[in-house]
Amino acid sequence: MCISAEVNFAAAAIIGTVGIATLRHAKHPREVLLASMPLLFALHQFIEGFVWLGLGGTIGDLALQNSSLLFILYAQAILPFLMPLSVLLIEQPGWRRTVISVIVAIAFGLMIYMTYGVMGFQTQVAAEHHSIAYRNAETESLVTGGLYIFVTCGALILSGHKVVRWFGILNLIGLSVVALVKQYAFSSVWCLYAAIISVMLYWQFSQGNIRWMRHRDKDAEKNSASIGATASPSA
C-alpha cells in the first residue's frame, strides 16, 4: 500500500466492510474461501498500516519486525496458494478443474519454498517514493516471480466462471504494470491493487454469479423442462 498508515487503515476498513458483506452471500462451504478474499486483503492492508507506523517510529522495532514479517509472509507465500485453491473449490469436474489442480500443487510447492525464504532470510523494509519496499534475496528471482504470476493468475483465468476469469485478467494486468513501474515495491503496491479489485467479488456473489452448484442447477432446470415437455403430450 502507498502513501501512509492512515490510507492503509482507511482502505482496510472500507474493503473489510465489503468483505464481510461478501461472505454473507456465500451459499456453500466451497465458496467461502473465494468470498473471503476481500476480507483477507483488508486484514493484509491493516497489517501494513503498522509497518508504516514502525517505519515512522510510532511503534517499536519489534512491532515493525513482526508486522512486516506477517505482511510479506502472506503476500509472497500464503496468498499465491490460497488464490488458486479458492478457484479449485468452486470448479465443476472437467478439464478446467484438472488443470487448476495441477496449478494448486505447484502453488503449494511455491508456498513451502517462499515460507522458507521469508522465515529463514532477513527481509529489508524501507519507505521509498511513497511506497514500502520489501527486499528478500532468497524470494526475489525471475523463477519465483514467474511462478508467482503463473499460480496467482493462471487458475483465475482458467476458471469456468466468467467473473473469476475477469478477476484473473485484471490481476495479471496489475501485476505486469506494477512489475514494470514499481518493481522495488511490488508486494506492497500490487496487494493494494488486488485488494481494490477484489471488491468486484461482492457484486458477483450478491448477484449469484459465483456459485458452486450453479452449473448443476442449470442442468437440473433443463432436465426438468425437457421432462415436462415430454410428459405434456401424453397427458
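As the structure is a computational prediction, the values presented were derived from the model and not from experiment.

About the criteria used
- Residues numbered from 1 in each chain as written.
- Predicted model: local features only at pLDDT ≥ 70, side-chain atom pairs only at ≥ 80, totals over all residues.
- Heavy atoms only, no water.
- Helix = DSSP H or I, 4+ residues; strand = E, 2+ residues; numbered from the N terminus.
- Buried < 20%, exposed > 50% of the residue type's maximum accessible area, 1.4 Å probe, protein only.
- Contact = heavy atoms within 4.5 Å.
- Expected span 1.5 Å × (residues − 1).
- Phe/Tyr/Trp six-rings, centres within 6.5 Å; stacked < 30°, edge-to-face > 60°.
- Pairing = 2+ DSSP bridges.
- Axes fitted to C-alpha atoms, helices over the stretch in contact; angles between N-to-C directions.
- Parallel < 35°, antiparallel > 145°, perpendicular 65-115°, else oblique.
- Left-handed = near helix turned anticlockwise from the far one by under 90°.
- Patch = residues over 30% accessible without salt bridge, like charges linked within 9 Å, V, L, I, M, F, W, Y side chains within 5 Å.
- Areas by Shrake-Rupley, 256 points an atom, 1.4 Å probe, with all protein chains shown as cover.
- Salt bridge = Lys/Arg side-chain N within 4 Å of Asp/Glu carboxyl O.

If you tally the helices and strands in the chain, you get ten helices and two strands. Start at the N end of the chain and walk to the C end: the helices and strands fall as α-α-α-α-α-β-β-α-α-α-α-α. The buried share of the chain, taken over its 235 residues, is 45%. When contacts within the chain are restricted to residue pairs at least 6 apart in sequence, those whose partners lie at least 24 apart make up 70%.

Here we take up helix α6 (residues 142-158). Here α6 spans 23 Å end to end across 17 residues, near enough to the 24 Å set by a 1.5 Å rise per residue. Those residues of α6 that sit buried are Thr144, Tyr148, Val151, Thr152, Cys153, Gly154, Ala155 and Leu156.

Turning to the packing of aromatic side chains, a few remarks are in order. Inspection of every chain in the model, using the stated rule, returns seven aromatic pairs. Between Phe46 and Phe50, the aromatic rings sit 5.2 Å apart at their centres with planes inclined by 75 degrees, giving edge-to-face as the arrangement. In this pair, Phe46 and Phe50 both sit in helix α3 (residues 37-55), four residues apart, roughly one turn of the helix. Among the residues examined, Phe46 registers a relative accessible area of 40% and is labelled partly exposed. An aromatic cluster is built from Phe9, Phe46 and Phe50, whose rings are joined through pairwise contacts.

Here we come to the pairing of strand β2 (residues 131-135). Where burial is concerned, most of β2 is hidden: four out of the five residues are buried. Sheet analysis places strand β1 (residues 124-128) next to β2, joined by five bridges and oriented antiparallel. The residue bridging Glu128 from the neighbouring strand is Ser131, located in β2. In this antiparallel pair of consecutive strands, β1 and β2, the connection spans two residues, and His129 shows a positive phi of 50 degrees.

Turning next to the packing of α3 against helix α4 (residues 61-90). At their nearest, the axes of α3 and α4 sit 8 Å apart, and the two run at 160 degrees to each other. Viewed along their axes, α3 and α4 adopt a mutual orientation that is roughly antiparallel. Between α3 and α4 the crossing geometry is left-handed. In this structure, α3 uses Met37, Leu40, Phe41, His44, Ile47, Glu48, Phe50, Val51, Gly54 and Leu55 to contact α4, whose residues at the interface are Leu64, Ser67, Ser68, Leu70, Phe71, Tyr74, Ala75, Leu79, Leu82, Met83 and Ser86.

A cluster of nonpolar side chains, namely Ile157, Trp166, Ile169, Leu172, Ile173 and Val177, defines an oily patch on the protein surface of about 480 Å² accessible area. For the nonpolar patch, the element with the most residues is helix α7 (residues 162-181), which contributes five residues. Mapping Leu172 onto the fold places it in helix α7.

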